[in-house]
Amino acid sequence: MTDDKTAFLDAQLNDLREQGLFNHIRTIESPMDGRIVVDGREVLNFCANNYLGLANHPRLKEAAKRAIDQYGIGPGAVRTIAGTMSLHVQLEQRLAAFKGAEAVITTQSGFTANLATIPSLVGKGDVIFSDALNHASIIDGCRLSRATIVGYAHNDMDDLRRKIAETTEYGRRLIVSDGVFSMDGDIAPLPELVEIAQANNILSMVDDAHGEGVLGRGGRGIVDHFGLHGQVDIEVGTMSKAFGVMGGIVAGKQVIIDWLRQRARPFLFSSAMSVPDVAACLEAVDLLEESEELVQRLWANADLMKRELSALGFDIGHSETPIIPLMLGEAALAQQFSRALFEQGVFAMAIGFPTVAKGAARVFAMAIGFPTVAKGAARIRVMNTAAHTQTDLEQALAAFEQVGRSLGVIGG
Ligand SMILES: *Cc1c(COP(=O)(O)O)cnc(C)c1O
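Just so it is clear, the model here is predicted, and its values are computed rather than measured. (Residues numbered from 1 in each chain as written. Predicted model: local features only at pLDDT ≥ 70, side-chain atom pairs only at ≥ 80, totals over all residues. Heavy atoms only, no water.)

## Thoughts on unusual backbone geometry
Positive phi values are uncommon outside glycine, yet Asn155 reaches one of about 55°. On the secondary structure map, Asn155 appears in the loop between strand E5 (148–152) and helix H7 (157–166). Here Asn201, not a glycine, exhibits a phi torsion of approximately 60°, which is positive. Considering the arrangement of structural elements, one finds Asn201 in the loop between helix H8 (190–199) and strand E7 (203–207). (Helix = DSSP H or I, 4+ residues; strand = E, 2+ residues; numbered from the N terminus.)

## Here we look at the site of the ligand
Near the ligand the following residues occur: Ser109, Gly110, Phe111, His135, Ser137, Asp178, Asp207, Ala209, His210, Thr238, Ser240 and Lys241. Within the contact set of the ligand, an oxygen atom lies 2.8 Å away from a backbone nitrogen or oxygen of Gly110. If the ligand stood free it would expose 390 Å²; the protein chains cover 86% of that surface. When its residues are assigned to classes, the shell around the ligand shows 2 nonpolar, 7 polar and 3 charged. (Near = heavy atom within 4 Å. Polar contact = N/O pair within 3.5 Å; in protein donor to acceptor, adjacent residues only side chain to side chain. Areas by Shrake-Rupley, 256 points an atom, 1.4 Å probe, with all protein chains shown as cover. Nonpolar A, V, L, I, M, F, W, Y, C, P; charged D, E, K, R; others polar.)

## Digging into the pairing of strand E6 (residues 173–178)
Counting buried residues along E6, 6 of its 6 residues qualify, which places the element largely inside the surrounding structure. Taken together, the 4 bridges between strand E4 (residues 127–131) and E6 define a ladder with parallel strand orientation. Bridge pairing in E6 links Ser130 to Val176. Relative to E7, E6 runs parallel, the two being bridged by 5 bridges. When the bridges of E7 are listed, Asp178 appears paired with Asp207. (Buried < 20%, exposed > 50% of the residue type's maximum accessible area, 1.4 Å probe, protein only. Pairing = 2+ DSSP bridges.)

## Let's talk about the nonpolar core
Ranked by internal contacts, the top residues of the largest apolar core, which has 58 residues, are Leu52, Leu91, Phe129, Leu160, Ile175 and Leu190. Per-element tally for this core: the top contributor is helix H12 (residues 275–290), with 10 residues. Formed jointly, this core draws a minimum of three residues from each of two domains, domain 1 (7–56 + 293–406) and domain 2 (73–290). If we skip the residues at most four places from it in the chain, Ile175 touches Phe129, Tyr152, Leu160, Ile164, Leu193, Ile196, Ala197, Ile202, Leu203, Ser204 and Met205. Among the nonpolar cores identified, the runner-up in size contains 26 residues, and Met305, Ile324, Val346 and Ala378 belong to it. (Core = buried A, V, L, I, M, F, W, Y, C linked by side-chain atoms within 4.5 Å. Domains from an automatic or database assignment. Contact = heavy atoms within 4.5 Å.)

## A look at the domain arrangement of the protein
Annotation of the protein at the domain level lists domain 1 (7–56 + 293–406) and domain 2 (73–290). Of note, the centres of domain 1 and domain 2, computed from C-alpha atoms alone, are 26 Å apart. Between domain 1 and domain 2, the contact holds 26 residues from the first and 24 residues from the second. Taken together, the two surfaces of domain 1 and domain 2 that pack against each other cover about 1,900 Å², and 63% of this comes from carbon and sulfur. The interface formed by domain 1 and domain 2 contains 1 salt bridge. Asp184 is the partner of Arg379 in a salt bridge, and the nearest nitrogen-oxygen pair spans 2.9 Å. Connecting domain 1 to domain 2 are 9 residue pairs in polar contact (both at pLDDT 80 or more). When residues of the side of domain 1 that touches domain 2 are traced back to their parent elements, those giving at least two are helix H13 (293–311), strand E10 (323–329) and strand E13 (378–383). Class assignment for the residues of the side of domain 1 that touches domain 2 results in 16 nonpolar, 7 polar and 3 charged. (Buried area = accessible area lost by both parts, 1.4 Å probe. Salt bridge = Lys/Arg side-chain N within 4 Å of Asp/Glu carboxyl O.)

## Some words on the packing of aromatic side chains
Summed over all chains, the structure comprises 4 aromatic pairs. Plain terms: the ring middles of Phe46 and Phe400 are 6.5 Å apart, the flat faces sit at 80° to each other, and that makes the pair edge-to-face. Taken as a pair, Phe46 in the loop between strand E2 (41–45) and helix H2 (58–71) and Phe400 in helix H16 (residues 390–406) lie far apart in primary sequence, 354 residues in all. With respect to burial, Phe46 and Phe400 carry one shared label: buried. Using a relative accessible area of 0% as the deciding quantity, one classes Phe400 as buried. A cation sits over an aromatic face here: Arg26 above Phe342, 4.1 Å from the ring centre. Across the ring face of Tyr170, the terminal group of Arg173 is positioned such that the distance to the ring centre comes to 4.0 Å. (Phe/Tyr/Trp six-rings, centres within 6.5 Å; stacked < 30°, edge-to-face > 60°. Lys NZ or Arg CZ within 6 Å of the ring centre and 35° of its normal.)

## A short note on the pattern of salt bridges
All chains considered together, the criterion is met by 24 salt bridges. Close ionic contact of Glu92 with Arg79 constitutes a salt bridge, the shortest N to O distance being 3.1 Å. In this pair, Glu92 sits in helix H4 (residues 86–99) while Arg79 sits in helix H3 (residues 79–83), placing the two residues 13 residues apart along the sequence. Residue Glu92 shares its accessibility class with Arg79, and that shared class is buried. Two residues, Asp286 and Arg94, come together in a salt bridge whose shortest N-O distance is 2.7 Å. With Asp286 in helix H12 and Arg94 in helix H4, this pair connects stretches of sequence that are 192 residues apart. Assessed through its relative accessible area of 26%, Arg94 is described here as partly exposed. Several salt bridges share partner residues, and in doing so they unite Arg59, Arg66, Glu283 and Glu290 into one network.

## Brief notes about the side chain of His210
Looking at the secondary structure, you find His210 in the loop between E7 and helix H9 (222–225). For His210, the side chain forms a polar contact with the side chain of Tyr51, separated by 2.6 Å. Dropping the residues within four chain positions of it, His210 is found in contact with Asn49, Tyr51, Val180, Ser182, Lys241, Ile323 and Met383.

In structure tokens form, the structure reads like this:
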């Protein structure tokens, strides 16, 4: 018998299952790498955000072990009470120098970096201009702030200008955008966004989660990519993607970072990053400062995949980054494609519009930023990494070709 109070959850879970929105979570039984073991079998991994293969890098593992011997595991408190160790301070200084920012504050994750930043800068009576395809953590940060949220069409700077002109009642104002949009791999037009922000005296903020360690010289991020040092007020990032570890970054002017240390709630009321995480992130900065080789290999791998998938006859969208959307149209086809790829030893995720989703479940999925795409734009998302070898890529391409032909996506 179901408990009365939770019966609505059973109903909603069933709803999700019926509508193909239920998350079936696969368990990985190996280290995160270019090849992983899933359900007892080894597959080529094209799902992770482990762009540089650092999640299982020997130097990061060694650094984490050394730090544990020296400092233990946990910081034991929030940063402001007794949780700031010399390692945390070092990491923030190194990240600021690496990125060419005045200052950096770290948080437990990229998600909390947004929750820390947005409500500290704007509040009730203020206005946020937010790209329609922004990440869920930006959406939540905006909501927590209680500022008025004005959406603008994705990457549409004319619409942004219009929305700014139309919004006449405001206190402080903030423009916020993802740097790299994770579904299509396109990049925000940051130079124009910054110009608009400066012309209107509005704070500018970019969340560079998918660009950290990927874009810019040696992975220094989107601000470096566009040469906009000192011009973007806040650059949020994460160390859980290309850095292969865990932790959030907020980079910007000293005065903004100083303010976050006083006011950001996830910084004040949630404990600091753990010792091995911080040490591994420091080692990642070392690696990136020493050599651009991993970043170059990532881009070379992604370029090869783009070139070859396109030559096979696949529609690969308009990505400007190592994210490749293999456009398939219907969500059911994308799911079938993903299952067939898995049978061929390739793990790549299907992302689809919730075709049958209706009513509350659909509104819910859209509102929380559930990874969905426009109707008829379902796809396989191919996430590339420097951890793949030439052989891995050839093997993957053979699988894509076979599945593509057998499902009639490409000719022959
Ligand atoms: C992944 C992602 C995050 C969350 O980062 P975590 O470190 O995993 O919490 C935040 N913002 C964007 C744009 C992301 O893509």
